[in-house]
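# Understanding the architecture of this molecule
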Amino acid sequence: MTNHDLLIIGGGPAGLAAGLYAARARLSVLLIEKEMVGGQMATTELIENYPGFSEGSSGVELAEKMREQAERFGLRIELDEVMSVDFTRPEMAVTLGDGERTGRAAIIATGRRPQLLGVPGEIELRGRGVSYCATCDGPFFRDKRIVVVGGGNSAIEEALYLSRFASEVVVVHRRDKLRADRVLQERSFNNKKMRFVWDSVVTSIEGDGKVEALAVRNVKTGKTASIATDGVFVYVGNLPNTEVFKDEIELDERGYVIVDPELATSARGVFAAGDVRVGPAKQVATAVGDGALAVISAERYLENV
Amino acid sequence: MSENVFEVSDGDFEAKVIKSSKPALVDFWAPWCGPCRVASPVVEQVASEHHDKMLFAKLNVDENPKTAAEFEVLSIPTFILFEKGKPVKRFVGAMPKDRFVAELKTWLG
């Protein structure tokens, strides 16, 4: 079995940028992605703040371009899930569904995933009105009512996108103001299809076979209410995809990978890049920068072992 | 498209899926959906290994809104397995091949 110079775990913008840099530096490199090349980027309708694309770009298109660019230099991508890792051996091992892969160094770029609301009805009605991907499912809600849960950038961006299809978009947010960027706030307050339910949390999602209503509770007054709706789009935050690494590297209390300024983790020869590492910025642009830096650090490490 | 996955439409859904003597798995998809593009090679791979046990079909929900609405598809990709004309199993979202096969293990053995 081939022992690679470098294993990259995760195929979002951080992993793809790392793959490009590593393949172009002529390292033998394998990228492992469990679900979707492009990661969370690929489910974003429009990315307006990634430099070089003056009119913005869809997330899927950007993902395909990044992938093509890396593959042009010989990056190999395997679609499989990492079941376990062993970073204590000199040749670090990653166990996939169909066997083991080894590398002399590794980059963790597994990103984050949307957090669930954790209320009754959410799992049961997934795909029947409960969604986490406006780009995928928005068009099914033409002239229908939609509730978006959350108040950050993702929530408001997707609510604006959904307002193109829906007859009404109700934003349910647990605070009395939005966390989203000013420009998004302005757009959403000027959007005639959008209205806001402040200081409220969802307590259950109801419906027989498909979503019909949402129960909410006002956190200040304790009052409950029901909102009739056809769809619920959930954007209440994210969780780092680090469960599989928790015994091998140091994580912070929220599960993000702790790194030094060169992106080295607590395990020798293992680096972390993108949303999965501690740090305030969760952007395509910062993830790409991380991918490049992680490879430069990994190369330096490989030269010295 | 692979030889083991065929396309179905509103027009021939009844004949090709509902009246099929074998179980038939239908992938409800659309070109604008990122996760669908990811799921389709997985479906093709599973189809190439298991085409003796069931049929594998895909239905473009943009071009065939009637069937998508009839089965209340509100998220894509949605996969529905039909057996003797009835939906018997349904799951949603792109997933690695192992999990995909696990969803169908009753039928794929």
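Report on the accompanying structure. (Residues numbered from 1 in each chain as written. Chains lettered and ligands numbered in written order. Predicted model: local features only at pLDDT ≥ 70, side-chain atom pairs only at ≥ 80, totals over all residues. Heavy atoms only, no water.)

Along the backbone of chain A there are six helices and 17 strands. Computed over the C-alpha atoms, the radius of gyration of chain A is 21 Å, within 12% of the 19 Å expected from 2.2 N^0.38 for a compact globule of 305 residues. When the backbone C-alpha atoms are referred to their principal axes, chain A occupies close to 60 × 40 × 35 Å. Sorting the 305 residues of chain A into buried and exposed places 54% on the buried side. If you take every contact in chain A between residues at least 6 apart in sequence, the share linking residues at least 24 apart comes to 58%. Roughly 14100 Å² of accessible area belongs to chain A as shown, and the carbon and sulfur atoms make up 47% of that amount. Side-chain charges of chain A comprise 37 positive and 44 negative groups, with the mean position of each set lying 5 Å from the other. (Helix = DSSP H or I, 4+ residues; strand = E, 2+ residues; numbered from the N terminus. Rg over C-alpha atoms; globule rule 2.2 N^0.38 Å. Buried < 20%, exposed > 50% of the residue type's maximum accessible area, 1.4 Å probe, protein only. Contact = heavy atoms within 4.5 Å. Areas by Shrake-Rupley, 256 points an atom, 1.4 Å probe, with all protein chains shown as cover. Lys, Arg positive; Asp, Glu negative; His and termini not counted. Charge placed at Lys NZ, Arg CZ, Asp CG, Glu CD.)

Looking now at the side chain of N64(B). Residues and elements named next belong to chain B. By the secondary structure assignment, N64 is in the loop between β3 (55-60) and α3 (65-70). A polar side-chain atom of N64 sits 2.9 Å from the main-chain amide nitrogen of D10. Sequence-distant contacts of N64, defined by excluding residues within four places in its chain, comprise V8, S9, D10 and L59. (Polar contact = N/O pair within 3.5 Å; in protein donor to acceptor, adjacent residues only side chain to side chain.)

So, about a nonpolar patch on the surface. On the surface, a nonpolar cluster with roughly 250 Å² of combined accessible area is contributed by Y21(A), L293(A) and I296(A). Relative to the helices and strands, L293(A) is located in helix α6 (residues 284-304). (Patch = residues over 30% accessible without salt bridge, like charges linked within 9 Å, V, L, I, M, F, W, Y side chains within 5 Å. Salt bridge = Lys/Arg side-chain N within 4 Å of Asp/Glu carboxyl O.)

Residues and elements named next belong to chain A. Judged by how many residues are buried, strand β5 (residues 92-96) sits mostly within the fold: four of five residues are covered. Relative to β5, strand β4 (residues 82-86) runs antiparallel, the two being bridged by four bridges. By the bridge assignment, V82 is partnered in β5 with L96. Between the antiparallel neighbours β4 and β5 lie five residues. Pairing of β5 with strand β6 (residues 99-108), which is carried by five bridges, proceeds in the antiparallel orientation. In the strand pairing of β6, M92 is matched with G103. (Pairing = 2+ DSSP bridges.)

Further remarks concern the environment of R126(A). Position of R126(A) relative to the elements: it lies in the loop between β7 (112-114) and β8 (130-131). Setting aside residues up to four positions removed in sequence, R126(A) forms contacts with Y132(A) and V92(B).

Before going further, it helps to examine the packing of helix α1 (residues 13-24) of chain A against helix α2 (residues 59-72) of chain A. Residue and element names in this part refer to chain A. The contact between α1 and α2 brings their axes to 8 Å, and the two run at 20°. Relative to α2, α1 is oriented roughly parallel. Of the two elements, α1 crosses α2, and the hand of that crossing is left-handed. Residues P13, L16, G19, L20 and A23 of α1 touch α2, and the partners they reach there are A63, M66, R67, Q69 and A70. (Axes fitted to C-alpha atoms, helices over the stretch in contact; angles between N-to-C directions. Parallel < 35°, antiparallel > 145°, perpendicular 65-115°, else oblique. Left-handed = near helix turned anticlockwise from the far one by under 90°.)

This part covers the sheet that holds strand β11 (residues 194-197) of chain A. All names here are of chain A. Ordered by their spatial adjacency, five strands build an open sheet running β8-β15-β9-β10-β11, and the pairing between neighbours is parallel. The sheet is open, and its two edges are formed by β8 and β11, each paired on a single side. Sheet topology places strand β9 (residues 145-149) next to strand β10 (residues 168-172); five bridges connect them, and they run parallel. When the bridges of β10 are listed, I146 appears paired with V169. Against the sheet, helix α4 (residues 153-162) contacts β9, β10, β11 and β15 (231-234), and its axis sits at roughly 170° relative to β9.

What follows deals with the nonpolar core. The biggest cluster of nonpolar side chains holds 76 residues, and the ones touching the most others in it are L6(A), F87(A), I107(A), L25(B) and F100(B). Per-element accounting of this core gives the leading share, eight residues, to α6(A). F100(B) has contacts with L25(B), V42(B), V43(B), V46(B), F79(B), F91(B) and M95(B), leaving out every residue within four places of it along the chain. Listed in part, the 44 residues of the second largest apolar core include F141(A), M194(A), V8(B) and V61(B). (Core = buried A, V, L, I, M, F, W, Y, C linked by side-chain atoms within 4.5 Å.)

The subject of this paragraph is the packing of α4(A) against helix α5 (residues 182-189) of chain A. For any two helices packed against each other, the geometry comes down to the angle between their axes and how far apart the axes lie. Residues and elements named next belong to chain A. Where α4 meets α5, the closest approach of the two axes is 10 Å, and the angle between their N-to-C directions is 40°. Considering how the two elements wind past one another, α4 and α5 form a crossing that is left-handed. Here N153, I156, E157 and L160 of α4 come into contact with α5, specifically with L184, R187 and S188. Class assignment of the residues belonging to the contact of α4 with α5 gives a composition of three nonpolar, two polar and two charged. (Nonpolar A, V, L, I, M, F, W, Y, C, P; charged D, E, K, R; others polar.)

It is worth spelling out the sheet that holds strand β1 (residues 5-8) of chain B at this point. Residue and element names in this part refer to chain B. Reading across from one edge, β1-β3-β2-β4-β5 is the order of the five strands in this open sheet, with mixed pairing throughout. At either end of the open sheet lies a strand with only one pairing partner, and these are β1 and β5 (86-92). Sheet twist, expressed as the mean angle between neighbouring strand axes with direction ignored, is 25°. Note that strand β2 (residues 24-29) and strand β4 (residues 78-83) share five bridges and pair antiparallel. By the bridge assignment, D27 is partnered in β4 with F79. The strands that helix α2 (residues 34-50) touches are β1, β2, β3 and β4; relative to β3, the one it contacts most, it runs at about 160°.

Let us now look at the pattern of salt bridges. Residue and element names in this part refer to chain A. Scanning all chains against the criterion turns up 21 salt bridges over all chains. Where R89 meets E100, a salt bridge forms, and the shortest distance between an N and an O atom there is 3.3 Å. Taken together, the residues span a long stretch of sequence, with R89 in the loop between β4 and β5 and E100 in strand β6 at a distance of 11 residues. Residue classification places R89 among the partly exposed positions, given a relative accessible area of 34%. A salt bridge links E168 to R195; the nearest nitrogen and oxygen atoms lie 3.1 Å apart. Separated by 27 residues along the polypeptide, E168 in strand β10 and R195 in strand β11 bring together distant segments of the chain. Overall, the relative accessible area of 24% leaves E168 in the partly exposed class. Here the salt bridges do not stand alone but share partners, grouping E78, D98 and R101 into one network.

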